[in-house]
Amino acid sequence: MSLPADMPVPVPPPLDVRGLTKSFGGFRAVDGVSLTVRANEIHALIGPNGAGKSSLIGCLAGALRADAGTIALYGADVTRLPLHRRVRKGLARSFQITSIFQEMTVEDNVRSAVAAVHDWTWAEALMPASRHGDVNAQAEAILARLGLGHRRAALAAELSHGEQRRLELGLALASGGSMLLLDEPTAGMGVDDIRGMTALIDGLRQTCSLLLVEHNMGLVLGISDRITVLRQGAVIASGTPDEIRRNETVKAAYLGRKAGDHAQR
Amino acid sequence: MTPVVLTYAAAVIALPVVAPSVPLATEILIFALATLGCHLLLGYGGLLSFGQGAFFGLGAYAGGLYALYGSGPWGANAIICVLGGTMVGAVAAALVGLVAIRRVGAGNRGHGGAVAFLMLTFAVAQVAYFAAYNMTGVTGGENGLLDVPRPPVSLGGAARFNLDAPLAFYAFVAGVLMLAVALLDRLVRSTAGRALIAIRENEGRAAAVGYDVARFRLSVFTLSGGLAGCAGALYAIFLGLVPLSAIDVMQSERIVVMTVLGGTGSLIGALLGTASFIMAADALSNIWPHWPLVLGVGIVLIVFFARGGLWSIGAGLVQGLAPGRASRRGKPAPDGTIGLQPGARS
């Protein structure tokens, strides 16, 4: 290639979505959404209930198949890739409704997630799980980061709601992915737990890029670098927290209806 | 040696003494192999197959035909007979799985896929039965495959062990079973086994952390078909014939019933289920021709009151007797209805 030596080689963004569309029957849940998550930014995705946020996350993660549009992960097209292959390419997600391995210990939860993205030979895969020191060490580091080290032997089902939400995030981190899709990480959390979770998410920016679906406006405006607003499946605004705060369309469509929105929840 | 392997070893030694006859003990071990396959599929793959009888029957015909017509350096060897049956069962299950597992899908919520899998395997069992019924030239049709000889164990081209004596054949079957149990016990404690548990616990999340759920399930299904085929081949040389009933739908049902009866909490459940089913059938069939009714009631009771099967009842009793807070063993029933476990969560 004959690019001038002083010209920076363009680095593809962690996540680039173009014209993504997803319909359920006649209902367009996601309607031509385009957005870009830049490296090491926290990009919030907000919108009233039913705006298509979770459907969009589902399409991006690979749980739902998009009808049209493209999803590029670090420049590679992953639109048609099944979800487990996207994980290996660095895309990890957490769920709005806690989805953990309830009957396994906290430690085994994280170990299972760490082991999922290892490249095992048959012989290694059939070795007793306890012998894989590297997996266990990685799991240990994630437990420490989550502040769940002291609960490692507890069954996931026995954790408090706040702890379960942290484990939920931990399972996303365990894959080692650097592009995280977090679907309402603070859902149902108490005030104190939210503070801890916010700090945790804020810290993830060091190593990851995040697309964050969140209803908690204080949190969103506080830690996001940029915000994209969805309504009826389509993007109505995108910009910095200040720009979004001042945007008249957003005020009318979303913030103005916030009270009614909360009544629904 | 793990507790599971030790338990099987003890049972294998005790059975010829405890059971009414050596052939009955042999039958228990043979069916325990098929039940182990179904157990693995249900307990670790989260899939219920009504097609295990087809793989059992295919293994039986393969083993029977080999014993009848096999000749030359590769002929007349019980080891090859069993390996052949295993291969045929595994390949058949892999082919069925390629179609049926796809229907289950990965990360789908609800049980639509699992039901589709169950129905597809049921259909396969039906097709296999009618194929065997019609291909009289190969299978003997309704009369069955007759006069199947029992090949000896050959090593290095020479017959080493004659298996004609009941106890000799029992020892051979016991060897095959112990080998299978040792392998399966290792599998369920391995990293791959942990992955299977994760998939069983929460399939959507397992896929989301990067597991290829369909591939794991196909592997388990192939393994379960292989175990059924292995049992089938042993059954053929055990009976000295392959009756058409070896491949009928009842055969599939029997394997499922023995699996559910024993429970999927531990590999030991497969042995408990098989032994109690076959011993009960043997005892009851002498007294009352409608004995399956009793078994039916037993299954209903298990499903309603002890979803973990005989294994969980046994484990519950042991836990109840043990002082202090007993550790949780195995997996509770999907809806957690093991009333016998102290400290069971709501």
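Owing to the predicted nature of the structure, the values given are computational and were not obtained by experimental measurement. (Residues numbered from 1 in each chain as written. Chains lettered and ligands numbered in written order. Predicted model: local features only at pLDDT ≥ 70, side-chain atom pairs only at ≥ 80, totals over all residues. Heavy atoms only, no water.)

## Observations concerning the overall build of chain B
Quick reminder of the rule: Only DSSP runs of H or I with at least four residues qualify as helices, and only runs of E with at least two residues qualify as strands; both kinds are numbered from the N terminus onward. Residue burial is assigned from relative accessible area. The probe radius is 1.4 Å, only protein chains are included, and a residue is buried under 20% of its type maximum, exposed over 50%, and partly exposed in between. Two residues form a contact once any of their heavy atoms are found within 4.5 Å. Residue burial considers only the protein chains on display, and all accessible areas are found by Shrake-Rupley using a 1.4 Å probe.
A tally of regular secondary structure across chain B gives 14 helices and 2 strands. Across the 346 residues that make up chain B, the buried fraction comes to 51%. Here the contacts in chain B between residues at least 6 apart in sequence split such that 76% fall between residues at least 24 apart. Within the structure as shown, chain B displays about 15000 Å² of accessible surface, and the carbon and sulfur contribution to it stands at 68%.

## Notes on the confidence of the model for chain A
A low pLDDT means the predicted coordinates there should not be read in detail. We count it as follows: In predicted models, pLDDT denotes the confidence assigned by the predictor to each residue on a 0 to 100 scale.
For chain A, the average pLDDT comes to 87, and 92% of its residues sit at 70 or higher. For residues 258-265 of chain A, every residue scores under 50 in pLDDT, and the model assigns this stretch 9 contacts once sequence neighbours within four places are set aside.

## With respect to the nonpolar core
Test applied: Each nonpolar core is a collection of buried residues, namely Ala, Val, Leu, Ile, Met, Phe, Trp, Tyr and Cys, held together in the definition by side-chain atoms within 4.5 Å.
B:Tyr8 and B:Leu234 are the most contacted members of the largest nonpolar core, which totals 145 residues. If you tally residues by element for this core, the top one is helix 2 (residues 22-43) of chain B, at 14 residues. Residue contacts for B:Tyr8: discarding those within four places in its chain leaves B:Leu36, B:Leu177, B:Met178, B:Val181, B:Leu267, B:Ile268, B:Ala270 and B:Leu271. Counting residues in each nonpolar core, the second largest holds 26 residues, with A:Val17, A:Leu20, A:Leu60 and A:Ile71 among its members.

## Focus on the sheet that holds strand 1 (residues 15-24) of chain A
Residue and element names in this part refer to chain A. Note the following rule: A pair of strands counts as paired when DSSP detects no fewer than two bridges linking them. Comment: axis = line fitted to C-alpha atoms, over the contacting stretch for helices; angle = value between 0 and 180 degrees taken between N-to-C directions.
Spatially, 2-1-4-5 is the arrangement adopted by the 4 strands of the open sheet, whose pairing is antiparallel. Among the strands making up the open sheet, the edge pair consists of strand 2 (27-37) and strand 5 (76-77). Two strands pair when backbone bridges link them, and strand 1 and strand 4 (residues 68-73) are joined in this way by 5 bridges, in the antiparallel orientation. Within strand 4, the position partnered with Asp16 by the bridge is Ala72. Packed onto the sheet, helix 1 (residues 53-61) meets strand 1, strand 2 and strand 4 and runs at close to 115° relative to strand 1.

## Focus: the interface of chain A and chain B
Filter applied, for reference: Joining two parts hides part of their accessible area as seen by a 1.4 Å probe, and the buried area is that hidden amount summed over both. Any carboxyl oxygen of Asp or Glu within 4 Å of a side-chain nitrogen of Lys or Arg constitutes a salt bridge here. Throughout this description, a polar contact denotes any pair of N or O atoms lying within 3.5 Å of each other; where both atoms belong to protein, one of them has to be capable of donating a hydrogen while the other can accept it, and for residues adjacent in sequence the pair is counted only when both atoms sit in side chains. Residues are grouped as follows: Ala, Val, Leu, Ile, Met, Phe, Trp, Tyr, Cys and Pro are nonpolar; Asp, Glu, Lys and Arg are charged; all remaining types, including Gly, are polar.
Across the contact, 34 residues belong to chain A and 24 residues belong to chain B. Carbon and sulfur atoms make up 57% of the area that chain A and chain B hide from each other, which totals about 2400 Å². It is A:His84, A:Phe101 and A:Glu103 in chain A that bury the most area against chain B; as a group they hold 24% of the surface buried on that side. Along the contact surface separating chain A from chain B lie 1 salt bridge. With a shortest N-O distance of 2.4 Å, B:Arg205 and A:Glu168 are connected by a salt bridge. Between chain A and chain B we count 15 residue pairs in polar contact (both at pLDDT 80 or more) in total. Mapped by element, the contributors of at least two residues to the side of chain A that touches chain B are helix 2 (83-88), strand 6 (91-94), helix 3 (106-116), helix 4 (122-125) and helix 6 (161-174) of chain A. In terms of residue count, helix 3 of chain A provides more of the side of chain A that touches chain B than any other element does, 5 residues in total. Per-class residue counts for the side of chain A that touches chain B are 20 nonpolar, 7 polar and 7 charged.

## What about the environment of B:Val297?
All names here are of chain B. Note on placement: Val297 falls in helix 13 (residues 292-305). Judged by relative accessible area, which is 48%, Val297 ranks as partly exposed. Separated by 261 residues in the primary sequence, Val297 and Leu36 place their C-alpha atoms 23 Å from one another.

## A look at the sheet that holds strand 9 (residues 226-231) of chain A
All names here are of chain A. Read from one edge to the other, the open sheet built from 6 strands follows the order 6-7-8-3-9-10, with strand pairing classed as mixed. The strands lining the two open edges of the sheet, one partner per strand, are strand 6 and strand 10 (234-239). Strand-to-strand twist in this sheet, taken as the mean axis angle between neighbours without regard to direction, amounts to 20°. Of the pairings in the sheet, the one linking strand 7 (residues 179-183) to strand 8 (residues 209-213) comprises 5 bridges and is parallel in character. Bridge pairing links Leu182 to Leu212 in strand 8. Packing of helix 6 onto the sheet brings it into contact with strand 6 and strand 7, and relative to strand 6 it is tilted by some 170°.

## A closer look at the pattern of salt bridges
Under the defined criterion, the tally for this structure stands at 18 salt bridges over all chains. Residues A:Arg205 and A:Asp225 are paired through a salt bridge, measuring 2.9 Å at the closest nitrogen-oxygen approach. Taken together, the residues A:Arg205 in the loop between helix 7 (191-204) and strand 8 and A:Asp225 in the loop between helix 8 (217-223) and strand 9 connect sequence positions 20 residues apart. Relative accessible area serves as the criterion here: at 30%, A:Asp225 is assigned to the partly exposed category. In this structure, B:Arg217 engages B:Glu203 in a salt bridge whose closest nitrogen and oxygen atoms are separated by 3.4 Å. Taken together, the positions of B:Arg217 in helix 10 (residues 213-239) and B:Glu203 in helix 9 (residues 203-208) put the pair 14 residues apart, joining distant regions of the chain. By relative accessible area, B:Arg217 is classed as buried at 6%. Given a relative accessible area of 17%, B:Glu203 falls into the buried group. Bridged by salt links that share partners, the residues A:Glu107, A:Asp108, A:Arg111, A:Glu140 and A:Arg152 form one connected network.

## A word on unusual backbone geometry
Even without glycine at this site, A:Glu184 takes up a positive phi of about 45°. Mapped onto the elements, A:Glu184 comes out in the loop between strand 7 and helix 7. One non-glycine residue with positive phi stands out, namely B:Asp147, at about 55°.

## Observations concerning the pairing of strand 4 of chain A
Residues and elements named next belong to chain A. Across 2 bridges, the pairing between strand 4 and strand 5 is antiparallel. Opposite Leu73, over in strand 5, you have Ala76 as the bridge partner. Once strand 4 ends, the chain turns through 2 residues before running back antiparallel as strand 5, passing Tyr74 with a positive phi of about 50°.

## Considering the packing of helix 3 of chain A against helix 6 of chain A
Packed helices, taken two at a time, are described by their axes: the angle between them and the distance between them. All names here are of chain A. Put simply, the rule reads: Roughly parallel covers angles under 35 degrees, roughly antiparallel covers those over 145, roughly perpendicular covers 65 to 115, and oblique covers all other angles. The hand of a helix crossing depends on one turn: near helix anticlockwise from the far one by less than a right angle means left-handed, and clockwise means right-handed.
Viewed as axis vectors pointing N to C, helix 3 and helix 6 meet at an angle of 30°, and their least axial separation amounts to 8 Å. Here helix 3 lies roughly parallel to helix 6, going by the angle between them. Relative to helix 6, the crossing made by helix 3 is right-handed. Packed against helix 3, whose contacting residues are Val106, Asn109, Val110, Ala113 and Val114, the element helix 6 presents Leu167, Leu171 and Ala174 at the interface. In terms of residue class, the contact of helix 3 with helix 6 is made up of 7 nonpolar, 1 polar and no charged.

## Quick word on the environment of B:Phe161
Residues and elements named next belong to chain B. Considering the arrangement of structural elements, one finds Phe161 in strand 2 (residues 158-161). Separated by 59 residues in sequence, Phe161 and Val220 have C-alpha atoms that sit 33 Å apart. Each residue touching Phe161, except ones within four places of it in the same chain, is listed here: Pro152 and Val153.

## With respect to the confidence of the model for chain B
Residue and element names in this part refer to chain B. Scored by pLDDT, chain B comes out at a mean of 85, with 90% of its residues at no less than 70. Averaged over each element, pLDDT in chain B is lowest for helix 14 (residues 309-321) (78) and highest for helix 10 (95). Predicted confidence is poor over residues 106-110, with pLDDT under 50, and the contacts of this stretch with residues over four places away or in other chains come to 5 contacts. Both scores are available for the predicted complex, with the pTM at 0.85 and the ipTM at 0.86.

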